[in-house]
Amino acid sequence: MRPPAPRTPADTAAEPVLVLGAGPVGQTAALLLARRGVPVLLMDARPERDAVGSKAICQQRDVLDVWDWLGAGQVAEEGLTWDTARTFYRDSELFSVRLPDPGASPLPPFVNISQSRTEQVLDERLAAAGVRTLWNHRVTGLSQDARGVTVECRTPDGPVRLRGSHALSCLGAHGGVVREALGLSFDGTTFDDRFLICDIRADLAGWERERRFYFDPEWNPGRQVLIHPCPGSVYRIDWQVPSDFDLDAEEASGRLEARIRQIIGERPYEIVWHSVYRFHTRVAERMRAGRVLLLGDNAHLVAPFGARGLNSGVQDAENAAWKLAYVLAGWAGEELLESYHAERHAAALENADVTSATMRFLVPQDEEEHRVRLAVLEAALTEEAARARVDSGRLAEPFWYTDSSLTTPCPERPFGGRPPRGRAPAPCPGVVLPDAPVDLSGDLPGADAPARLRPLLREGLTLLVGAAPEGADPDAFLEGVRAAARGATPAPVTALYLDRIDTTGALTRALAPEPGQVWLVRPDAHVAAVVAGADPDAVRTAVRTALGFAPAPTVPAPTFGASDANAASGANERSDANAPGGAGGEPISSTATDRPATAPAPGGAGGPAAARTSEPRASAATDRPAGAAPDPRGDEPAPTA
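All values derive from a computational prediction rather than experimental measurement.

Student: Hey, could you run me through the side chain of Thr489 in this one?
Tutor: Among the structural elements, Thr489 can be located in the loop between helix 13 (474–486) and strand 22 (493–497). According to the relative accessible area criterion, Thr489 is buried, its value standing at 3%. A distance of 3.0 Å separates a polar side-chain atom of Thr489 from the backbone nitrogen of Ala491.

Structure follows, in structure tokens:
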């Protein structure tokens, strides 16, 4: 495929989307919007990029996939790959978890790479995409009206006001100015114990491909140690330490040297970076207020065990970007943005629940919790059943939007709940679709056809179809599915027979589709619905639901089968009547006859858009309601691993 490039906006005079904060979440959000043809302006309070320390190092496969689509595949290529997580109690290994891949993704389950290197790669992509970053712009206030958002910044040259259609706030843990301007609380807790990070460079043979977690090792009794390998023979070591820990005193006394030697012995090493931090668990009461969306640590803070910080922030960015792009293209109403809050707030609460349970196990708060923890660890030395209760952090995974208003439930494909540790949920509506190699040469000919499924999914709504029902003409049946979807939206649509593109059979085995069954997949790769392709009304309704519209009125629809003389040879082509960015878009495929003379209004052909809208709640930073809770701040930002 060609290197990804931003699409030309339909209206170059349109106000940009303002992305506040140029950390990896803000960088990703800006790139995703630019990739979809949305004008974007990125800003940050710092004078320049500060490439210091490892910070958020552990990136999950689905996040790597987002960056790969943006041309930042270097992150996966340069990152150190690991697929095993080992957990120890004192000097005994309790268990190890190998990470699953229900499809056949070419990307690793996790890589470790410093946040500073990730930011450098994303900066290179921003420059290539022509996205401007305003450094030395500290956000001091925000207001909004029915037409857009105004952001006030302090700069070395004096105050400035920036105007945009919407704002994505990616200001991190200390970005309280936006939450205060929106009147949003940020409730939660702060843990007393602190954690010491040391990045060291050393030769530790046998540790290069696995994460190691130690409960109560003799070199940190009563507390925990986590060790992650990183590129360049660097190892990230996290020690749990008391709340009164003093790093300067630790170094001056030689105790830091002793800590490191207890782990690595007499091998040579050098300290690359070190820091001390405290954990917080906080979730903003809302992640959308009118035209402003909160992303990443600006919306939620969790303990880093399980790597649910930056990974979740990138998933926020992908969810927000495709929905905002569809709203700005006229393919959906503003109500679609409300689903951003509903879906990602639920994900934030899930992450808070998972990581809080981990912290309760790691840092018991009373004698009973201490007793239970010790009993579980002792039992886990010999009992398999007890090992499932040992909580060293459930690793990051995509959230499941099974309760979302955009998801059409399928009684035959119910969600089984949070899967056991180390397993992925079975594919069903709301769950992210596994990636897999695909051969699209017969359906989307040309050098630009993707070689795997995920890049195709991001181009629009995708309908993956099981084999044609018995007695039906395959081409006519597929064209019927595609026509039904096109009748519901002017957004890009692709319909494909699964068995024609699945080169390894991995995806077909994972989905096990019934004949004629249609799997509708959103641009962020989450399954929106599983419906019968022989029912055009069901297909249309599922499409409209996935875009946030109320179901369309039932209208007579043609029947598609073996006798249909109008079966189109282009049934697997994508409809691109209004590609993101308008005429300057880069559709995968289109023909002149595929373009309707007049694009349907948002909401689909003949169906009104949902009338519900969310009123703006923002005001200037000084207009915070008197009764609103103060914005809590920790004494250190909580880096996510």
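Still more ground to cover, so stick around.
Student: Sorry if this is basic, but what is going on with the pairing of strand 15 (residues 224–230) here?
Tutor: It is a general feature of regular strands that their side chains alternate between the two faces of the sheet. With seven of seven residues buried, strand 15 lies mostly within the body of the structure. Here strand 15 shows two buried faces, one formed by Gln224, Leu226, His228 and Cys230 and the other by Val225, Ile227 and Pro229. Where strand 14 (residues 210–215) lies against strand 15, four bridges are found, and the strand directions are antiparallel. When the bridges of strand 15 are listed, Arg212 appears paired with Ile227. Both strand 15 and strand 16 (residues 234–241) contribute to a ladder of six bridges, which runs antiparallel. What sits directly across from Cys230, in strand 16, is Val234. With antiparallel pairing between neighbouring strands as the criterion, strand 15 and strand 16 make up a hairpin whose turn holds three residues, including Gly232 at a positive phi of roughly 70°.

Student: Honestly, helix 4 (residues 115–129) in this entry has me stumped. Any pointers?
Tutor: An α-helix turns once every 3.6 residues. As a result, residues three or four positions apart point the same way. Counted at 1.5 Å a residue, the expected span for helix 4 with its 15 residues is 21 Å, and the 21 Å between its end C-alpha atoms agrees. Gln115, Ser116, Arg117, Thr118, Glu119, Val121, Leu122, Arg125 and Leu126 are the residues of helix 4 that are buried. The inward-facing, buried residues of helix 4 abut helix 1 (24–35), strand 2 (40–43), helix 2 (61–69) and helix 3 (74–78).

Student: Sorry, what's going on with the sheet that holds strand 14 here?
Tutor: By way of backbone hydrogen bonds, the strands of a sheet pair with one another, either parallel or antiparallel. Taken together, eight strands build an open sheet; the order of strands is 6-5-14-15-16-13-17-20 and the sheet is mixed. Two strands bound the open sheet, and with one partner strand each, they are strand 6 (92–98) and strand 20 (300–301). Pairing of strand 13 (residues 186–201) with strand 16 involves eight bridges; the strand directions are antiparallel. Paired with Leu196 across the strands is Trp239, a residue of strand 16. Against the sheet, helix 7 (residues 255–264) touches strand 13, strand 15, strand 16 and strand 17 (270–284), its axis set at about 75° to strand 13.

Student: I'm lost on the packing of helix 9 (residues 335–362) against helix 10 (residues 367–380) in this one. Help?
Tutor: When two helices pack together, their arrangement is given by the angle between their axes and by how far apart the axes lie. At their nearest, the axes of helix 9 and helix 10 sit 9 Å apart, and the two run at 90° to each other. In terms of orientation, helix 9 and helix 10 fall into the roughly perpendicular class. Along its contact with helix 9, which presents Arg360, Phe361 and Leu362, the element helix 10 presents Glu369, Arg373, Val376 and Leu377. Here the contact of helix 9 with helix 10 is built from residues that sort into four nonpolar, no polar and three charged.

Student: Quick question: what am I supposed to make of the side chain of Arg288 here?
Tutor: Mapping Arg288 onto the fold places it in strand 18 (residues 288–289). Within the local environment of Arg288, its side chain forms a polar contact with the side chain of Glu338, the two groups lying 3.0 Å apart.

Student: Can you walk me through the confidence of the model for the protein in this structure?
Tutor: As a note on interpretation, predicted positions should not be read in detail where pLDDT is low. For the protein, the mean per-residue pLDDT works out to 84, and 82% of the residues sit at or above 70. Long-range and interchain partners of residues 1–6, a stretch whose pLDDT sits below 50, account for 18 contacts in this model, where long-range means more than four residues apart. Note on residues 552–641: pLDDT is under 50 here. Beyond four places in sequence and across chains, it has 215 contacts.

Student: How should the packing of helix 1 against helix 4 be read in this particular structure?
Tutor: Two numbers describe how helix 1 lies on helix 4: the axes approach to 10 Å, and their chain directions differ by 25°. One finds that helix 1 runs roughly parallel with respect to helix 4. By crossing handedness, the relation of helix 1 to helix 4 is classed as left-handed. Contacts from Pro24, Gln27, Thr28, Ala30 and Leu31 in helix 1 reach Gln115, Glu119, Leu122, Asp123, Arg125, Leu126 and Ala129 in helix 4. When grouped by side-chain class, the residues that make up the contact of helix 1 with helix 4 number six nonpolar, three polar and three charged.

Student: Got a minute to help me understand empty space enclosed by the protein in this structure?
Tutor: If you roll a probe as big as a water molecule over the atoms, it shows you where there is empty space left. In total, this model carries seven cavities of 30 Å³ or more according to the counting rule given. Lining the second largest cavity we find 17 residues, and of these Asp62, Gln315, Glu318, Asp524 and His526 sit closest to its centre. Counting residues per element, the ones that place at least two in the lining of the second largest cavity are helix 2 and helix 8 (310–329).

Student: Would you explain the pattern of salt bridges in this entry?
Tutor: Between side chains of opposite charge, a pair can form as their charged atoms come close. A complete count under the given rule lists 43 salt bridges for this structure. Of the charged contacts in the structure, one is a salt bridge between Asp65 and Arg458, with a shortest N-O distance of 2.6 Å. One end of the pair, Asp65, is in helix 2; the other, Arg458, is in the loop between helix 12 (453–457) and strand 21 (461–465), and 393 residues separate them in sequence. Given the relative accessible area of 2%, Asp65 is considered buried. Salt bridges sharing partners connect three or more residues here, namely Asp62, Asp65, Asp68, Glu318, Asp435, Arg452, Arg454 and Arg458.

Student: Help me understand the nonpolar core in this model?
Tutor: Where a protein is soluble and globular, its nonpolar side chains tend to be buried together. If you look at the biggest cluster of nonpolar residues, it comprises 106 residues, and the most contacted ones within it are Trp67, Leu142, Leu168 and Leu295. Sort the elements by how many residues they give to this core and helix 8 lands first, with ten residues. Core analysis: the next-biggest nonpolar cluster, separate from the first, contains 25 residues, Ile197, Phe215, Met359 and Phe361 among them.

Student: Help me understand the sheet that holds strand 10 (residues 149–155), please; the structure alone is not making it clear to me.
Tutor: With antiparallel pairing, three strands are arranged side by side in an open sheet as 9-10-11. If you trace the sheet from one side to the other, it starts and ends with strand 9 (138–144) and strand 11 (158–164), each paired once. Across the sheet, the mean angle from the axis of one strand to that of its neighbour is 20°, orientation sign disregarded. Bridge count for strand 9 against strand 10 is six bridges, and the pairing is antiparallel. Considered in strand 10, the bridge of Leu142 is made with Val151.

What counts, and at which threshold
- Residues numbered from 1 in each chain as written.
- Predicted model: local features only at pLDDT ≥ 70, side-chain atom pairs only at ≥ 80, totals over all residues.
- Heavy atoms only, no water.
- Helix = DSSP H or I, 4+ residues; strand = E, 2+ residues; numbered from the N terminus.
- Buried < 20%, exposed > 50% of the residue type's maximum accessible area, 1.4 Å probe, protein only.
- Polar contact = N/O pair within 3.5 Å; in protein donor to acceptor, adjacent residues only side chain to side chain.
- Pairing = 2+ DSSP bridges.
- Expected span 1.5 Å × (residues − 1).
- Contact = heavy atoms within 4.5 Å.
- Axes fitted to C-alpha atoms, helices over the stretch in contact; angles between N-to-C directions.
- Parallel < 35°, antiparallel > 145°, perpendicular 65-115°, else oblique.
- Nonpolar A, V, L, I, M, F, W, Y, C, P; charged D, E, K, R; others polar.
- pLDDT = per-residue confidence, 0-100.
- Left-handed = near helix turned anticlockwise from the far one by under 90°.
- 1 Å grid on protein atoms, 1.4 Å probe; cavity = no way out; pocket = protein on both sides within 12 Å on 5 of 7 lines; lining within 4 Å.
- Points joined across faces, edges and corners; volume = space filled by probe spheres on them.
- Salt bridge = Lys/Arg side-chain N within 4 Å of Asp/Glu carboxyl O.
- Core = buried A, V, L, I, M, F, W, Y, C linked by side-chain atoms within 4.5 Å.

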